[in-house]
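# Examining the three-dimensional arrangement
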Amino acid sequence: MTQIQANQIKLEPSWKTRLLPQFQQPYFEKIKHTLQQTQAQGIPTYPPNRLIFNAFWQTPFEQVKVVLLGQDPYHQPNQAMGLSFSVPKDIRPPPSLRNIYKELARSIPHFTPPNHGDLSAWATQGILLLNASLTVEHGKAASHSRIGWQHFTDAVISLLNQEKTGIIFLLWGNFAKSKASLINANRHHILTAVHPSPLAGGKFHGCNHFALTNQLLIQQGKTPINWQL
């Protein structure tokens, strides 16, 4: 598991500097131990070790202007890529992502739903695609939600809250909404909605978050997101 040794973690430098104290905490040793034990037993974990911190590589700290918070990675083979809601180009977009595309098509002029689910183009524009848990066991949703990852990602949210202003936090579903307590609403923008999962009965449709995000960015003199993928 050299990929998650503190001195070898492949993170963009601005993140690595800020997160180094977290890598030295006892809870992070528990995360490493759990992953080592699970993988030693032949149980697959997702995403691949090299992509666990992909969100932090794709979106440097200084460039973060939007945070899209997910719960945990996809738990089937070849889907998780270290970016919330995103799957590699050769994998069919999952149902939640297809509902995201429907809302984009409704609210963003000329948006055409792509035939893939790779959201890397959003990450490189300053959207931190962050899952609250960065790993998961094969076939077991939320299986790593209690091994320490939430201490780590709560620290990430707190860092952004304290060191930056004007970030737009997109919190979809009750789990994501619970993270609002970590965010100063006087310094940042918090947009909440039901989860885009089909289990929500289509209530995500009409939230208008993508258009609102661009309006808020423009008001701050920042470049709006090109949502087209």
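Rules and cut-offs
- In every chain, residue numbers begin from 1 and rise along the written sequence.
- Residue-level local features of this predicted model are given only where pLDDT is at least 70; pairs of side-chain atoms are given and counted only at 80 or more, and the full residue set underlies all totals for whole chains, interfaces and linings.
- Excluding hydrogens and water, the side-chain figures rest on all heavy atoms present in the structure.
- Working definition: helices are DSSP H or I runs of at least four residues, strands are E runs of at least two. Numbering for both runs from the N terminus.
- Radius of gyration: C-alpha atoms only; globule rule: 2.2 Å multiplied by the number of residues to the exponent 0.38.
- Here's how the labels work: a residue is buried when its accessible area is under 20% of the maximum for its type, exposed when over 50%, partly exposed in between, all with a 1.4 Å probe on protein chains only.
- For this analysis, a nonpolar core means a set of buried residues of the types Ala, Val, Leu, Ile, Met, Phe, Trp, Tyr and Cys, connected via side-chain atoms within 4.5 Å.
- Each reported salt bridge corresponds to a side-chain nitrogen of Lys or Arg within 4 Å of a carboxyl oxygen of Asp or Glu.
- Working rule for contacts: check all heavy atoms of both residues, and any pair within 4.5 Å makes them a contact.
- Working rule for helices: expected span equals 1.5 Å times residues minus one.
- Only protein atoms enter the 1 Å grid, on which a cavity is a set of points fitting a 1.4 Å probe that cannot get out and a pocket is an open set with protein on both sides within 12 Å along at least 5 of 7 lines, lining residues being those with an atom within 4 Å of a point.
- Grid points are joined across faces, edges and corners, and a volume is the space filled by probe spheres set on the points.
- Residues are grouped as follows: nonpolar covers Ala, Val, Leu, Ile, Met, Phe, Trp, Tyr, Cys and Pro; charged covers Asp, Glu, Lys and Arg; every other residue, Gly included, is treated as polar.
- Pairing between strands is defined by DSSP: at least two bridges between the two strands are required.
- In this description, a line fitted to the C-alpha atoms serves as the axis of each element, helices being fitted only across the stretch in contact, and the angle between N-to-C directions of two axes falls anywhere from 0 to 180 degrees.

## Considering the overall build of the chain
What the chain contains, in helices and strands, is eight helices and six strands. Ordered by position from the N terminus, the helices and strands of the chain form the series α-α-β-α-β-α-α-β-β-α-β-α-β-α. Taken over the C-alpha trace, the chain has a radius of gyration of 17 Å; the compact-globule value for 229 residues is 17 Å, and the two agree within 12%. Along the first, second and third principal axes, the C-alpha set of the chain runs to 50 × 35 × 25 Å. Burial status across the chain gives 53% buried among its 229 residues.

## Side note on the nonpolar core
Of all hydrophobic cores here, the largest spans 64 residues; its most connected members are F53, F56, W149, F152 and L160. Top contributing element to this core by residue count: helix α6 (residues 149-163), with six residues.

## Digging into the pattern of salt bridges
Inspection of the entire model under this criterion finds seven salt bridges. As a salt-bridge pair, E163 and R18 come within 2.9 Å of each other at their nearest N and O atoms. Separated by 145 residues along the polypeptide, E163 in helix α6 and R18 in helix α1 (residues 13-23) bring together distant segments of the chain. E103 serves as the salt-bridge partner of R106, at 2.8 Å between the closest nitrogen and oxygen. Here R106 pairs with E103, and both are found in helix α4 (residues 95-107), just three residues apart, close to one helical turn. Exposure remark for R106: the relative accessible area of 41% places this residue in the partly exposed category.

## Examining the side chain of T34
Tracing the backbone through its elements, the reader meets T34 in helix α2 (residues 26-40). Note on T34: relative accessible area 17%, which makes it buried. Not counting chain neighbours up to four residues away, the residues in contact with T34 comprise H144 and I147.

## A word on α4
In this model α4 runs 19 Å from its N-terminal to its C-terminal C-alpha over 13 residues, within 8% of the 18 Å that 1.5 Å per residue would give. Listed in full, the buried residues belonging to α4 are S96, L97, N99, I100, Y101, E103, L104 and S107. Residues of α4 that are buried make contact with α5 (120-123), β5 (168-172) and α8 (209-219).

## Remarks on the environment of G148
Mapped onto the elements, G148 comes out in the loop between β4 (136-137) and α6. Along the backbone, G148 and T34 are 114 residues apart, and their C-alpha atoms lie at a distance of 9.7 Å.

## Brief notes about the layout of surface pockets
Of the voids in this model, the largest pocket is the one considered here, and its volume is about 490 Å³. Lining of the largest pocket is provided by 31 residues; of these, Q71, D72, P73, Y74 and H195 occupy positions nearest its centre. Those elements that place two or more of their residues in the lining of the largest pocket are α3 (54-58), α4 and β3 (127-131). Here the residues of the lining of the largest pocket sort into 18 nonpolar, 12 polar and one charged.

## Concerning the environment of S120
One can find S120 in helix α5. Sequence separation of S120 and N78 is 42 residues, and the distance between their C-alpha atoms is 16 Å.

## Overview of the sheet that holds strand β2 (residues 66-70)
Reading across from one edge, β3-β2-β5-β6 is the order of the four strands in this open sheet, with parallel pairing throughout. Because the sheet does not close on itself, it has two edges, and the strands there are β3 and β6 (189-193). Strand-to-strand twist across the sheet, computed as the mean angle between neighbouring axes with direction ignored, equals 20°.

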